[in-house]
Amino acid sequence: NEAEIHSKHSKASHGCGAHTDYGLFTILQQDEIGGLQIRNRSNCWIDARPLPGSFVINVGDMLSWWTEGMYASTVHTVISPAWSDDGLTSSDDKDGDDGYEYGAPHRYSIPFFFNPDHDAVVKPTRYVGAADEDDCGKTAIQILKERYAGTFKSD
């Protein structure tokens, strides 16, 4: 249950709310602090714990569109690390020179967003090689604009 999972982060906050990435896929390297959570098929949030020397690969909306949902976009969020009641995560260092600010450790991640050129024609895989193949694609920028319009829709 989502409430139970987030209750263990009672002093944590969302560094980035739940979302999917727009492009084909994202390669992410996390530091040892962690905080990345992935929503699984059961709609539960699970921690993507950092493993030394590893990368996280998130499927993006473009790849999901391209494969007609065979590869679903990875819904993910970032939970900022929690801090102690006195506002410090390290009781020995009160001058703030240990990489902690306002009691919480700094979190770093390095994403690489892999996207097609904006004028590349993206066709759902079932149409590749089909007789009507030319009528079935959209440019990457068209797909992104449709996605942006859905995200930033004004009422």
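Refer to the structure above for everything that follows.
Rules behind the numbers
Residues numbered from 1 in each chain as written. Predicted model: local features only at pLDDT ≥ 70, side-chain atom pairs only at ≥ 80, totals over all residues. Heavy atoms only, no water. 1 Å grid on protein atoms, 1.4 Å probe; cavity = no way out; pocket = protein on both sides within 12 Å on 5 of 7 lines; lining within 4 Å. Points joined across faces, edges and corners; volume = space filled by probe spheres on them. Helix = DSSP H or I, 4+ residues; strand = E, 2+ residues; numbered from the N terminus. Nonpolar A, V, L, I, M, F, W, Y, C, P; charged D, E, K, R; others polar. Contact = heavy atoms within 4.5 Å. Core = buried A, V, L, I, M, F, W, Y, C linked by side-chain atoms within 4.5 Å. Buried < 20%, exposed > 50% of the residue type's maximum accessible area, 1.4 Å probe, protein only. Salt bridge = Lys/Arg side-chain N within 4 Å of Asp/Glu carboxyl O.

Brief notes about the layout of surface pockets
Regions of empty space are outlined by a rolling probe, equal in size to a water molecule, passed over the atoms. Looking at the largest pocket, its volume works out to about 260 Å³. Residue lining of the largest pocket: 15 residues in total, with Cys16, Leu28, Val78, Arg107 and Ser109 positioned closest to the centre. Those elements that place two or more of their residues in the lining of the largest pocket are β1 (14-19), β2 (25-30), β6 (76-79) and β9 (109-114). Looking at side-chain class alone, the lining of the largest pocket contains six nonpolar, seven polar and two charged residues.

Here's the deal with the environment of Ile143
Assignment of secondary structure puts Ile143 in helix α3 (residues 140-151). When the C-alpha positions of Ile143 and Trp65 are compared, they lie 8.5 Å apart, and in sequence the two are 78 residues distant. In contact with Ile143, not counting residues within four places along its chain, are Met62, Trp65, Val122 and Lys138.

Some thoughts on the nonpolar core
Residues Leu24, Val59, Met62, Leu63, Val122, Ala140, Ile143 and Leu144 constitute the largest nonpolar core, which totals eight residues. Secondary-structure elements contributing two or more residues to this core are α2 (61-66) and α3. Counting residues per element, this core draws most heavily on α3, at three residues. Setting aside chain neighbours within four positions, we find Leu144 in contact with Tyr22 and Met62. By size, the runner-up hydrophobic cluster in this structure holds six residues, among which are Leu28, Leu36, Val56 and Val78.

Some details on the pattern of salt bridges
A full pass over the atoms with the stated rule returns three salt bridges. Asp61 is the salt-bridge partner of Arg147, the closest N and O atoms lying 2.5 Å from each other. Separated by 86 residues along the polypeptide, Arg147 in helix α3 and Asp61 in helix α2 bring together distant segments of the chain. Arg147 sits in the partly exposed class, given a relative accessible area of 29%. Owing to a relative accessible area of 13%, Asp61 belongs among the buried residues under this scheme.

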